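Survey of secondary and tertiary structure
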Amino acid sequence: MQINGEFQPKIVAFCCNWCSYAGADLAGNNRLAYPENVKIIKVPCSCRVNPMFILRAFQRGADGVILCGCHPGDCHYTSGNYYTRRRMALLFSMLNYLGIEKERTRVEWVSAAEGAKFAQTMNEFTEAVAALGENKRLEDLRCKK
Amino acid sequence: MQKVTCDTLVAKACELLENGTVDRVLGWKNGEFVYDVTPALFTTVDDIKSEFVFNDFCGANFSKYLIEETRKTESKVLVFLKPCDTYSFNQLLTEHRFDREKVYAVGIPCEGMADITKVKAAAGDGITAIKAEGENLVISTLYDDDKAVACADVLAERCVVCKSKKHVAYDELLGEDGDVIDSNRFDEVEKLEAMTEDERFAFWQNELSRCIRCNACRDVCPACTCEKCVFDNPESSVVNKAISDSFEEKMFHIIRAFHVAGRCTDCGECSRVCPQNIPLHLLNRKFIKDINSFYGEYQAGAEAGSRAPLVDYTTEDIEPTDAVLKGASDNA
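No experiment lies behind these values; they were computed from the predicted model shown. (Residues numbered from 1 in each chain as written. Chains lettered and ligands numbered in written order. Predicted model: local features only at pLDDT ≥ 70, side-chain atom pairs only at ≥ 80, totals over all residues.)

1. Re the overall build of chain A
If you tally the helices and strands in chain A, you get four helices and six strands. In chain A, which comprises 145 residues, the proportion classed as buried is 55%. Within chain A, residue pairs in contact and separated by at least 24 positions form 82% of the contacts whose partners lie at least 6 positions apart. (Helix = DSSP H or I, 4+ residues; strand = E, 2+ residues; numbered from the N terminus. Buried ≥ 20, exposed ≤ 12 C-beta atoms within 10 Å, placed from the backbone. Contact = placed C-beta atoms within 7 Å.)

Quick look at the structure:
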């Protein structure tokens, strides 16, 4: 998306209900700024995120997708994020194998107490994706306006 | 040239059918052409004697057929399994997809199957007959004299890098059992990994854009056994084929490969049936290679009852960001 001649990436952030979403809340409460490019989707657990969700996000025009969950060992459901870690390791490696820039996908562990980390992660990620430019390799032209 | 002859298999099938061990036989019969041998179900000795074939084009993996076959009746079905098929057989047993008691599995040695694309490239079109003679295939065509090509030259890619001649599951074995082979099946994957992102993207764009979404790779895959498939959902946005290089193929092939990650035995059926000759096994092998390097060596189906890597975890697993770096050697 171009706004005032400047590229503004669309970022989709999947945040788990128990840690990362609360972390985002804390960032807000603490008046920590993070880019409005980030659209948060709340999920019960990072493990809820099916690989298809990530691809779907790209299809519908996301330029970068980030997945945030509880730190390994702190999952509200004991082990959800361990499964996430394996799945996303394989999925991201596969996306890169198909030539999708590896900077467009990311997993970050953000606890409910880490509002600052949330804001910093989103700032860094948005900047990295903005530098890559528009997502051309996993786009669906039918979904473009 | 296969070491075990068609006659041996026919004799075995007739014997088991006549003594009542089994009441039907999964085997191969000729299709429209001599080279498109097709899977078939035989129920009488006469049918077996007249139609059963076994030659260098019997690539079909019967493991998946057992799911439906074992549901039909209470009696046993005879199935012939090549070494690579036994891995799929084990994997399906692990997932409780069929009743082992209803199957009589006969292991047959395999010298590698021929790839018809390579045969046609060597002998030309209009093939009317193919005969195995020693180490050669003698091919008769409409337009030319008979031509002999070495079996080794027309071997299917998956057989060139065969991972095992050892049967991991059977009730009875015809001929001798082989060994697990330390093959270089990841060479092609490594070659791709060594490319830059742009080159890889161009490579896959070129390959996947040929996809006609026929779903043959899904239907044949012995690991793809869901009764309700995500791709059959008209809302899945992968059911149609809108333009030549659209999003759907990438979505479809990533998800297809992901859904069998950790369970794929690398039998190579997906690439064999692809009418567009897309090297689909390279996607599956990438997952296998990554799983091996991230979580330790794992061969799906080698052991019935083993736990697939994606339904398991350790607290010390590699982080996705590091995994991407480790998975791509150009960034190492």
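2. Focus: the sheet that holds strand E5 (residues 127-133) of chain B
Within a sheet, adjacent strands bond to each other through the backbone by hydrogen bonds, running parallel or antiparallel. Residues and elements named next belong to chain B. Sheet architecture is open: three strands sit in the order E5-E6-E7, paired in antiparallel fashion. Pairing within the sheet leaves two strands with one partner each, and these edge strands are E5 and strand E7 (147-150). Pairwise comparison of adjacent strand axes, ignoring direction, gives a mean angle of 25° for this sheet. Relative to E7, strand E6 (residues 136-141) is paired through four bridges, and the arrangement is antiparallel. If you follow Asn 136 over to E7, its bridge partner there is Ala 150. (Pairing = 2+ DSSP bridges. Axes fitted to C-alpha atoms, helices over the stretch in contact; angles between N-to-C directions.)

3. Thoughts on the domain arrangement of chain B
All names here are of chain B. When its domains are assigned, chain B resolves into domain 1 (6-113 + 161-173), domain 2 (116-154) and domain 3 (187-331). Using C-alpha coordinates to define each centre, domain 1 is positioned 27 Å away from domain 3. Tallying the contact residues gives 18 residues for domain 1 and 16 residues for domain 3. In terms of residues, the side of domain 1 that touches domain 3 owes the most to one element, helix H4 (residues 83-94), which gives nine residues. (Domains from an automatic or database assignment.)

4. As for the packing of helix H2 (residues 51-59) of chain A against helix H10 (residues 247-259) of chain B
Direction vectors running N to C along H2 of chain A and H10 of chain B enclose 170°, while the axes themselves pass 10 Å from each other. Taken together, the axes of H2 of chain A and H10 of chain B are roughly antiparallel relative to one another. Here Pro 51, Met 52, Leu 55 and Gln 59 of chain A of H2 of chain A come into contact with H10 of chain B, specifically with Phe 247, Met 251, Ile 254, Ile 255 and Phe 258 of chain B. Of the residues belonging to the contact of H2 of chain A with H10 of chain B, the class tally is eight nonpolar, one polar and no charged. (Parallel < 35°, antiparallel > 145°, perpendicular 65-115°, else oblique. Nonpolar A, V, L, I, M, F, W, Y, C, P; charged D, E, K, R; others polar.)

5. Points about the interface of chain B and chain A
Chain B puts 34 residues into the contact, and the matching count from chain A is 32 residues. Of all the secondary structure elements, the ones that give two or more residues to the side of chain B that touches chain A are helix H7 (187-193), helix H8 (197-208), H10, helix H12 (281-295) and helix H13 (320-327) of chain B. The biggest single contributor to the side of chain B that touches chain A is H10 of chain B, with six residues. Per-class residue counts for the side of chain B that touches chain A are 20 nonpolar, five polar and nine charged.

6. Thoughts on the environment of Gly 20 of chain B
Residue and element names in this part refer to chain B. Position of Gly 20 relative to the elements: it lies in the loop between helix H1 (6-18) and strand E1 (24-29). According to the C-beta neighbour criterion, Gly 20 is exposed, with 9 such atoms within 10 Å. The spatial distance from the C-alpha of Gly 20 to the C-alpha of Lys 76 is 9.1 Å, given a sequence separation of 56 residues.

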